[in-house]
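Structural overview
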Amino acid sequence: MEPEASVSYGQPSALSLAGFEARSALRTTAFRSAAVAAFLVGLAVGAQEGHGAGPSAWAAGEASWHIFGFIVVVWMSMAAVADQALRTDVLLYTKPQPTERIVAAKFMAILMQILLANAALFVGAACAHYASHGSLAGLWAYALRYWAASGALLFLGAAAYALALLTGTPLAGSAVGLFLALALAGRSFLAKAYIPAYTQNVPTYMALGLACIGIACWFYRIGRRGKTRVAWYVPALTILGLGLAIANLKVQLAHTHDPLSGEQPALDLMEAQNIVPDNPAPGFLLPDQYGRPTQLSAFAGRILVIALWSPADPDTVAVLDRLQQIAQRYGAQGVQPIAICLSEDVGAVATFAQGEMLSYPVVEDWGTHHAPDIMDSSPLANAYQVTVLPKVVVTDRRRRVKAVLTGLDVTAGTMLEEAVKARLSADPQ
Amino acid sequence: MAVSNPQGSQAATSTQVVIEKLRKEYEGGVVGLHEVSLTIPAGVFALLGPNGAGKSTLMSILATILEPTSGTARVCGFDVRRQKHEVRSILGYLPQDFGLYPALTTYETLDYVGLLYNLSDPVVRRRQIEEVIERVNLGEFRNRRVGELSGGMRQRVGLAQALLNFPKLLIVDEPTAGLDPAERIRIRSLLAELGGERVIILSTHLIEDVQAVADRVAVLHEGRIRFEGTVPEMLARVEGRVWELVVQPQELAALRDRYLETGLRREDGRIQIRLVADHVEHPNAKPADPVLEDAYLWLMNGGSANGA
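Because the structure is a prediction, the values reported are computed rather than measured. (Residues numbered from 1 in each chain as written. Chains lettered and ligands numbered in written order. Predicted model: local features only at pLDDT ≥ 70, side-chain atom pairs only at ≥ 80, totals over all residues. Heavy atoms only, no water.)

Here's the deal with the overall build of chain B
Within chain B one finds 11 helices and 14 strands. Its C-alpha atoms put chain B at 70 × 45 × 35 Å along the principal axes. Taken over 308 residues, chain B has a buried fraction of 56%. Accessible surface for chain B amounts to roughly 12600 Å². Of this, 46% is attributable to carbon and sulfur atoms. Across chain B, the centroid of the 35 positively charged side chains sits 3 Å from that of the 40 negatively charged ones. (Helix = DSSP H or I, 4+ residues; strand = E, 2+ residues; numbered from the N terminus. Buried < 20%, exposed > 50% of the residue type's maximum accessible area, 1.4 Å probe, protein only. Areas by Shrake-Rupley, 256 points an atom, 1.4 Å probe, with all protein chains shown as cover. Lys, Arg positive; Asp, Glu negative; His and termini not counted. Charge placed at Lys NZ, Arg CZ, Asp CG, Glu CD.)

This is the structure we're talking about:
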């Protein structure tokens, strides 16, 4: 006679196992060291120029995936093989728990630690910003960058964990480190879709990370248990992750302009324009910080102050505050500042607009691709003949180019304000 | 220890392990086990044998971490191939080479293992942890990090984690290896106490461990069972075949050539040698009481070592 199945007290979920492991790990020297190091990195990069928290949050986000990304790869690779190295696996896998649940719980526990350490980096940056500015205005910008950086870290960590676990060596995780190094060094020759920390790519890479963990659970179970039935959520997670990643990637590729993956006719039209004195300023249709399509014709009858800047060049960020001053002082007289952000990361505009609490439109030039020559970086940059950032164009009330200002003098002196005053006196309301 | 585990009491139809024609062939054709058949009742069952005899292979199959090539093994009625989850629910396993998380305290380690045993109710888990901590005498080390414990203490933690679900089958592989004599005796005594309603399979190189705690013994050699029975039955195999004689050093080589040597002692320049054979042709040969070591070596030698 077949015996009855054993009575269970109730199986703990992978999450409760992970919670236990994470709580235990929070007290370890390794985690505390990582959190303190991350906090110090945040302190080091967080004190940036700028009225609000935008530049500080941006710098923290960059440091997070540039520096902390490599730490995460090593951390996850080591953690994936820790049980084999410690010989705790012989105890773990003779307990009445599915292999996939243990693997998933272990991954989630480390991920929780990584997300907390990453939060420490952003807290460090916020502290540095507060110490240098005496204000925490625009704090939401940190949340935006934390989201993007954490998404990238999730993918990097999941891929490193899966590779190290399935091969049994942490060296395999270094392949992910190589990918990260390549993504950092090769922005000029890699399509934007390959960079996991760009806000528009985060859903794709998070979904890929989930798929990596699903695959790790699946194949590690086969390795340990043979071809036995795996829990339903493993194939579901894998298929869902891959499906979401592919779907999001397709959407991104269809709606992006990238010389390496696909160009958009609309942006080609923008490139066909040129900046000529007394002629209309090159037009565009780009999303602003709220995602609303924005074009110059919407500001008919106003004096436009169009500034092109890039978060990759921190010195140009100061132009945003100058535009805010212009908006406050001369907005009532019909002066309309518009900032054009030359960034491959579509999340940059929201970060800076929220961080600097900007009241005027900041539009995202989604045609931007990193290039050694800034004129080649986007069709619009080409149309505006940008050789130096920031570049500011002042138009009359009929959108005709009346003044062109370039370089850091725009933000340092009174040149910009004088140009606006001159235009106002020549072209009163 | 009170056996109060509903997992065990409902799962088991009979507290025994039944192994039938179990074979394990590794890649490359190396055979770890040759159609081994055994019935292991409740009590302490010792597995004896040299390295490579197949002890670890057999235990790994019973612990569900190794798939047999053919044959069956049932633990309290549950098939180790098809009902792994059920077997694991009533299994306590202490491998020879195992690790613990050094950053966790003894209590935290057991708390985590409790979760792995599906003891999700914190009250039940706490009660069972307290019980095993008391049983293995780890009370004063409950809040000490495992990384700070001595080898013997870690072994006790290992035993505690294996006992946490009050297993119907406890497999312990070389539990006293590398321990100092006092700790070895402590672990041995604990195993002796634990035998009774559960099956304890003890693998060891140490004959004295077997003599101290085992109810039954199996001797494995090159993947085959050479003997299976009680300790007195094993001793009976060499009853009347054990001899002691005092000899000159120059006689040793000739005696070793003809008979199976199981011991040697030097006394005042003379040598007392212990031999196992049906008959020893030497004027000094006197019959001696057999010990388990004599029986083990005799079985290892094919059970027929006699040059006479």
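Some points on the sheet that holds strand E8 (residues 199–204) of chain B
Residue and element names in this part refer to chain B. The strand order E6-E7-E8-E3-E9-E10 describes an open sheet built from six strands, whose pairing is mixed. Strand pairing shows two members of the sheet lacking a second neighbour, strand E6 (91–94) and strand E10 (224–230), which therefore form its edges. Each strand axis lies, on average, 15° off the axis of its neighbour in the sheet, ignoring direction. As paired strands, strand E9 (residues 216–221) and E10 are joined by six bridges and run antiparallel to one another. Paired with Val217 across the strands is Gly229, a residue of E10. Where helix H6 (residues 151–163) meets the sheet, its contacts fall on E6 and strand E7 (169–173), and the angle it forms with E6 comes to roughly 165°. (Pairing = 2+ DSSP bridges. Axes fitted to C-alpha atoms, helices over the stretch in contact; angles between N-to-C directions. Contact = heavy atoms within 4.5 Å.)

A closer look at the confidence of the model for chain A
Should the pLDDT be low somewhere, the predicted coordinates at that spot are not to be read in detail. For chain A, the average pLDDT comes to 89, and 97% of its residues sit at 70 or higher. Note on residues 1–9 of chain A: pLDDT under 50 across the span, and 29 contacts to partners over four residues away in sequence or across chains. (pLDDT = per-residue confidence, 0-100.)

A short note on the packing of helix H6 (residues 140–167) of chain A against helix H8 (residues 202–225) of chain A
All names here are of chain A. It is at 8 Å that the axes of H6 and H8 come closest, and there the two elements cross at 20°. The pairing of H6 with H8 is recorded here as roughly parallel in orientation. In the crossing of H6 with H8, the sense of the turn from one axis to the other is left-handed. Residues Trp147, Ala148, Gly151, Leu154, Phe155, Ala158, Ala159, Tyr161, Ala162, Leu165 and Leu166 of H6 lie in contact with H8, whose contacting residues are Val202, Tyr205, Met206, Leu208, Gly209, Leu210, Cys212, Ile213, Ile215, Ala216, Phe219 and Tyr220. Its residues assigned to classes, the contact of H6 with H8 shows 21 nonpolar, two polar and no charged. (Parallel < 35°, antiparallel > 145°, perpendicular 65-115°, else oblique. Left-handed = near helix turned anticlockwise from the far one by under 90°. Nonpolar A, V, L, I, M, F, W, Y, C, P; charged D, E, K, R; others polar.)

As for helix H5 (residues 122–135) of chain B
All names here are of chain B. Here H5 contains 14 residues, and its C-alpha end-to-end distance of 20 Å stays within 8% of the 20 Å for a straight helix at 1.5 Å per residue. Turning to H5, its buried residues are Val124, Arg125, Gln128, Ile129, Val132 and Ile133. All buried residues of H5 fall inside an arc of 160° around its axis, so they share one side. Of the exposed residues in H5, the ones pointing more than 90 degrees away from its buried face are Val123 and Glu134. At its buried positions, H5 is contacted by helix H4 (106–116) and H6. One side-chain oxygen at the N-terminal end of H5 lies 2.9 Å from the backbone nitrogen of Val123; it belongs to Asp121. Positive backbone phi, approximately 60°, marks Asn137, located one or two places after H5. (Expected span 1.5 Å × (residues − 1). Arc of directions from axis to C-beta. Polar contact = N/O pair within 3.5 Å; in protein donor to acceptor, adjacent residues only side chain to side chain.)

With respect to the layout of surface pockets
As a volume, the largest pocket reaches approximately 690 Å³. For the largest pocket, the lining is made up of 25 residues, of which Ala25, Thr28, Ala82 and Gln113 of chain A together with Tyr101 of chain B are closest to its centre. For the lining of the largest pocket, the secondary-structure elements that each account for two or more residues are helix H1 (14–25), helix H2 (29–46), helix H3 (54–86) and helix H5 (99–133) of chain A. Tallied by class, residues from the lining of the largest pocket come to 19 nonpolar, three polar and three charged. By volume, the second largest pocket is sized at about 540 Å³. For the second largest pocket, the lining is made up of 29 residues, of which Ser310, Pro311, Ala312, Asp313 and Leu342 of chain A are closest to its centre. Counting residues per element, the lining of the second largest pocket draws most heavily on H3 of chain A, at five residues. Class assignment for the residues of the lining of the second largest pocket results in 16 nonpolar, seven polar and six charged. (1 Å grid on protein atoms, 1.4 Å probe; cavity = no way out; pocket = protein on both sides within 12 Å on 5 of 7 lines; lining within 4 Å. Points joined across faces, edges and corners; volume = space filled by probe spheres on them.)

Considering the sheet that holds strand E14 (residues 286–287) of chain B
Reading across the sheet, the four strands line up as E12-E13-E11-E14 (chain B) and stay open at both edges, with antiparallel pairing between neighbours. The open sheet terminates on both sides in strands that have one partner only, identified here as strand E12 (260–267) and E14 of chain B.

Regarding unusual backbone geometry
With an omega dihedral of -5°, the bond running from Leu389 of chain A to Pro390 of chain A counts as a cis peptide bond. Note that Pro390 of chain A resides in the loop between helix H13 (379–383) and strand E6 (391–395). With a phi close to 50°, Met357 of chain A is a non-glycine residue in the positive phi region. Tracing the chain through its elements places Met357 of chain A in the loop between helix H12 (348–355) and strand E5 (362–364). A positive phi angle is found at Phe166 of chain B, which is not glycine, with a value near 45°. Mapped onto the elements of the fold, Phe166 of chain B is located in the loop between H6 and E7. For Phe166 of chain B, a relative accessible area of 1% puts it in the buried group.

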